[in-house]
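What the coordinates show
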There are 2 protein chains.
Amino acid sequence: MTQETGGRRPNIYDVASEAGVSKSLVSLVLRGAHGVSPARRAAVEEAIKRLNYRPNRAAATLAGNRSRTIGVVLDDYRNLWFVGLLAGLHEQLAPLGFRVAVADPLFNAHLDRTPVDGLMSLRVDGIVIATEPSEEMFAALDVPAVVAGNRDIRVPGADIVTNDDMVGGRLATEHLIGMGHRDIGHVTGGGGAARLRAAAYEASMLENGLRPHITRGQGFTMESDGYQAALKLLDQNPSLTAIFAANDTMALGAAGAARDRGLRIPEDLSLIGYDNSPLASANLLRLTTVDGRNGEVGAKAAQALLDRMKDPHVPVRTMLVEPELVVRASTAAPA
Amino acid sequence: MTQETGGRRPNIYDVASEAGVSKSLVSLVLRGAHGVSPARRAAVEEAIKRLNYRPNRAAATLAGNRSRTIGVVLDDYRNLWFVGLLAGLHEQLAPLGFRVAVADPLFNAHLDRTPVDGLMSLRVDGIVIATEPSEEMFAALDVPAVVAGNRDIRVPGADIVTNDDMVGGRLATEHLIGMGHRDIGHVTGGGGAARLRAAAYEASMLENGLRPHITRGQGFTMESDGYQAALKLLDQNPSLTAIFAANDTMALGAAGAARDRGLRIPEDLSLIGYDNSPLASANLLRLTTVDGRNGEVGAKAAQALLDRMKDPHVPVRTMLVEPELVVRASTAAPA
DNA sequence: ATCGTTTTCTGGAACGCTCCATTTGTTCCC
DNA sequence: GGGAACAAATGGAGCGTTCCAGAAAACGAT
């Protein structure tokens, strides 16, 4: 398969001599530069194919002092909101020649102190923090950064892009109120986004002269958190006709709690989630939810990064994406 | 924060002079080598901290001609079986100083022809293919590789590690038969794993003198595929008392279909899934399922890779992990 | 043809590490 | 106190690119 290069993997010199040009010209072709004659370009591409040459990104990163890669810090693969975010990032960045590297949530403390350290060692050109940022993370930050999905914790010098959880929380609560519900509970969790959604819920309730009922689960991402919290909520407030869960996963838990208390959705209890995850569209739930438009968040995060790469001194911005209500079958007027 | 290195990021030379040692000694400390005196080691670590030095992995990869990284090719973040796989890989590899890099399923064809190309450019030391391998993928393979979760397509030179889908399919089917079910349907999907599970279902049914009923969804990963297929199955076979779905996501779809046909689970219809995903343990489903023990698959994949890195000529192996039945509340004896 | 101009192409010098052969230092024994 | 044996530390070469300044080629206008 591979031509003979003495057992070695071929490098640009091999390609260059195969194509009868200089190594620099090969480099130009690899980077898709302008000002290369079509004939030479074709010759180089031919040679690349013949030798089964594959560029060495380590060398490119070292020599160019940049990796053309954007790092993304995730916290949990099971919380699927990041999928839309990555798609949005990709869509904006790939055409410009940037790759996206995900810093493994399981990163090992033995090798790097934080996922950010790992990405910095890779010499990424920018970082998207899609988790609750911690102090020790931003000590290491040395490149343009944006925090996505969280406006609670400010990272010095980092832009913030997120869906507007306050608006989303109001959207959800007012949807229920608009349908005629008066006794509406809220199941919340840990973390900044949950806090804002809860605050919006509370504000909406009070503005409408209604009494808020909030129960907090242990975590934010687990179905069991939603289940436990919803059980408590239902048992303490038997007159409840609707629940707003801080995310779809917790809504799934709440749906389990409702079933266990003999409540049908939406006949006996309306249920609304947040995130518009794949779960929400499942036929078993047909969950009304709030779509945080994570693709848009990703696209805006990419834009913020690109702007800051061009000029590191642009003022720090907070960009809010307007969430949308997605009405499905889990909400209805109270009996 | 950073000490003065003339605006540059500090490198090993800066650390070396700060600590009063040679660059080589710094390198040794970085790699955690033996034979460095505690005093010098401490001095170097001090200097690293003072300068806020972060090693350049591109340079390390280039110089060492290896990245100490294992690449993993995924196909869809929404199909959560990979989470256990990654955990298993991590657990084995991190203590040995290997990182795990996930090749983005959204990889852009503009930058790399396949995800494998991208990983090869990164000079990974091994590759785990956790998706259906394609011809053009293994053209690029040049390092130890293992295919995880699929024994259908053979990649030349690659080991295979997967849960034993045949055993799992039998486990599920015989669990239902053992409970007294006679009319059992199967909802299957695309892909090699699904094919094996279906074959095992069919074999078990026939061995027990029962007539198999298989319906195939469009895809394998979508809830809607399971929903559609289960609807068809139920409508064509009204006497059905149990459904075995090829994975938990499709089982969720099947649960939706059952609900829409007025069937209670497990009173009117028993339902069993496959994967033991987070979904299965949700209180709304409490789904009986087959656990493919993906953590174990990941651990074995790591071992296969390490063995082949040591000696590229060890014969190609197929390693099967024994799956386990996880009984929850979605299965019961027929009425 | 001749001379600018512009376009295309080239060689050399980094980039920041690892690896290896060698040097320097230390310990222990007779 | 001298040397063997071992442990610890070092300097140089090389990894495969990019970038840059400048050379060569192509093109136009006179």
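Residues numbered from 1 in each chain as written. Chains lettered and ligands numbered in written order. Predicted model: local features only at pLDDT ≥ 70, side-chain atom pairs only at ≥ 80, totals over all residues. Heavy atoms only, no water.

Observations concerning the overall build of chain A
Basically, it comes down to this: Helix numbers and strand numbers start at the N terminus; a helix is a DSSP run of H or I with at least 4 residues, a strand a run of E with at least 2. Burial classes: relative accessible area under 20% of the type maximum marks a residue as buried, over 50% as exposed, and values in between as partly exposed (1.4 Å probe, protein chains only). Any pair of residues with heavy atoms lying within 4.5 Å of one another is described as a contacting pair. As used throughout, the charge tally considers Lys and Arg to be positive and Asp and Glu to be negative, leaving His and the chain termini uncounted. We put the charge of a Lys on NZ, of an Arg on CZ, of an Asp on CG and of a Glu on CD.
For chain A, the helix and strand inventory stands at 12 helices and 12 strands. Projecting the C-alpha coordinates of chain A onto the three principal axes gives extents of approximately 80 × 40 × 40 Å. A buried classification covers 55% of the 335 residues belonging to chain A. Considering only intrachain contacts with a sequence separation of at least 6, the fraction spanning at least 24 residues in chain A is 69%. Taking the 35 positively charged and 38 negatively charged side chains of chain A as two groups, their mean positions are separated by 6 Å.

A closer look at the interface of chain A and chain B
Our working definition: Buried area is a sum: the accessible area each of two parts loses on coming together, probed at 1.4 Å, counted once for each and added. Think of a salt bridge as a Lys or Arg side-chain nitrogen and an Asp or Glu carboxyl oxygen that are within 4 Å of each other. Here the term charged refers only to Asp, Glu, Lys and Arg, the term nonpolar to Ala, Val, Leu, Ile, Met, Phe, Trp, Tyr, Cys and Pro, and the term polar to all other amino acids, Gly among them.
Each side of the interface is counted separately: chain A has 58 residues, and chain B has 58 residues. When the two sides are added together, the surface that chain A and chain B hide from each other amounts to roughly 5,000 Å², 57% of it contributed by carbon and sulfur. When the buried area of chain A at its contact with chain B is split by residue, Arg9, Arg54 and Leu284 of chain A rank highest and sum to 15% of it. There are six salt bridges connecting chain A and chain B. Put simply, the parts of the chain that give the side of chain A that touches chain B at least two residues each are helix 4 (57-64), helix 5 (81-93), strand 2 (99-103), helix 6 (115-121), helix 7 (135-140), helix 10 (223-236) and helix 11 (248-260) of chain A. Of the residues belonging to the side of chain A that touches chain B, the class tally is 31 nonpolar, 13 polar and 14 charged.

Topic: the sheet that holds strand 8 (residues 242-245) of chain A
Hydrogen bonds along the backbone pair up the strands of a sheet, which may run parallel or antiparallel. Residue and element names in this part refer to chain A. Note the following rule: Two strands make a pair as long as DSSP finds a minimum of two bridges between them. Each axis is a line fitted through C-alpha atoms, and for a helix only the stretch in contact is used; angles between axes span 0 to 180 degrees, taken between their N-to-C directions.
Pairing in this open sheet of four strands is parallel, and the strands run 7-6-8-9 from one edge to the other. Because the sheet does not close on itself, it has two edges, and the strands there are strand 7 (213-216) and strand 9 (270-272). Shown here is a sheet whose adjacent strand axes are inclined to one another by a mean of 20°, direction ignored. Across three bridges, strand 8 lies against strand 9 in parallel orientation.

What about the pairing of strand 1 (residues 69-73) of chain B?
Residue and element names in this part refer to chain B. The test is simple: Here is how to tell: hold the view so the strands point away, follow the path from the first strand over the helix to the second, and if it runs clockwise the crossover is right-handed.
Judged by how many residues are buried, strand 1 sits mostly within the fold: five of five residues are covered. Burial along strand 1 is two-sided: the residues Thr69, Gly71 and Val73 and Ile70 and Val72 are all buried. Where the polypeptide runs from strand 1 across helix 5 (residues 81-93) and back to strand 2 (residues 99-103), its parallel neighbour, the crossover connection is right-handed. With four bridges joining them, strand 1 and strand 3 (residues 126-129) adopt parallel strand pairing.

As for the packing of helix 1 (residues 12-19) of chain B against helix 3 (residues 38-51) of chain B
Residue and element names in this part refer to chain B. Applicable threshold: If an angle is under 35 degrees, it is roughly parallel; if it is over 145, roughly antiparallel; if it lies from 65 to 115, roughly perpendicular; otherwise it is oblique. Left-handed describes a crossing whose near helix is turned anticlockwise from the far helix by less than a right angle; the clockwise case is right-handed.
Close contact between helix 1 and helix 3 brings their axes to 8 Å; oriented N to C, the two are set at 120°. In terms of axis orientation, helix 1 runs oblique to helix 3. The crossing of helix 1 and helix 3 is right-handed. The residues of helix 3 that touch helix 1, namely those facing Asp14, Val15, Glu18 and Ala19, are Ala43, Val44, Ala47, Ile48, Arg50 and Leu51. Of the residues belonging to the contact of helix 1 with helix 3, the class tally is seven nonpolar, no polar and three charged.

Some remarks on the domain arrangement of chain A
As a reminder, the rule being used: All domain edges in this entry derive from an automatic or database-based domain assignment.
Taken domain by domain, chain A holds domain 1 (12-55), domain 2 (69-163 + 294-323) and domain 3 (165-291). Taken over C-alpha atoms, the centre of domain 1 of chain A sits 34 Å from the centre of domain 2 of chain A.

Description of the relation of the copies chain A and chain B
Applied cut-off: C-alpha atoms of residues with pLDDT of at least 70 in both copies form the basis for the least-squares superposition of the copies.
The transformation that overlays chain A on chain B combines an axial shift of 0.0 Å with a rotation of 180°, and the residual RMSD is 0.1 Å. Taken together, the rotation and translation relating the two chain copies correspond to the operation of a two-fold axis. Judged by C-alpha distance, Ala58 of chain A is the residue of chain A that lies nearest the rotation axis, at 2.2 Å. Comparing interface residues between copies, 100% of those in chain A also lie at the interface in chain B; the contact surface is shared.

Quick word on the protein's contact with DNA strand C
Spelled out, the test is: For each residue, the test is whether any non-hydrogen atom lies within 4 Å of the molecule or strand; if one does, the residue is near. For this analysis, a polar contact is any N or O atom pair within 3.5 Å, provided that within protein one partner can donate a hydrogen and the other can accept it, and provided that sequence-adjacent residues contribute only side-chain to side-chain pairs.
Inspection of the region around DNA strand C gives 27 residues, with Lys23 and Ser24 of chain A together with Ser27, Arg31 and Tyr53 of chain B positioned closest. Each atom of DNA strand C within 4 Å of the protein belongs either to a base or to sugar and phosphate, the latter forming 68%. Ser24 of chain A places a side-chain nitrogen or oxygen 2.7 Å from a base oxygen of DNA strand C. In the environment of DNA strand C, a phosphate oxygen lies 2.6 Å from a nitrogen or oxygen atom belonging to the side chain of Tyr53 of chain B. Within the surface near DNA strand C, the residues separate by chemical class into 13 nonpolar, nine polar and five charged.

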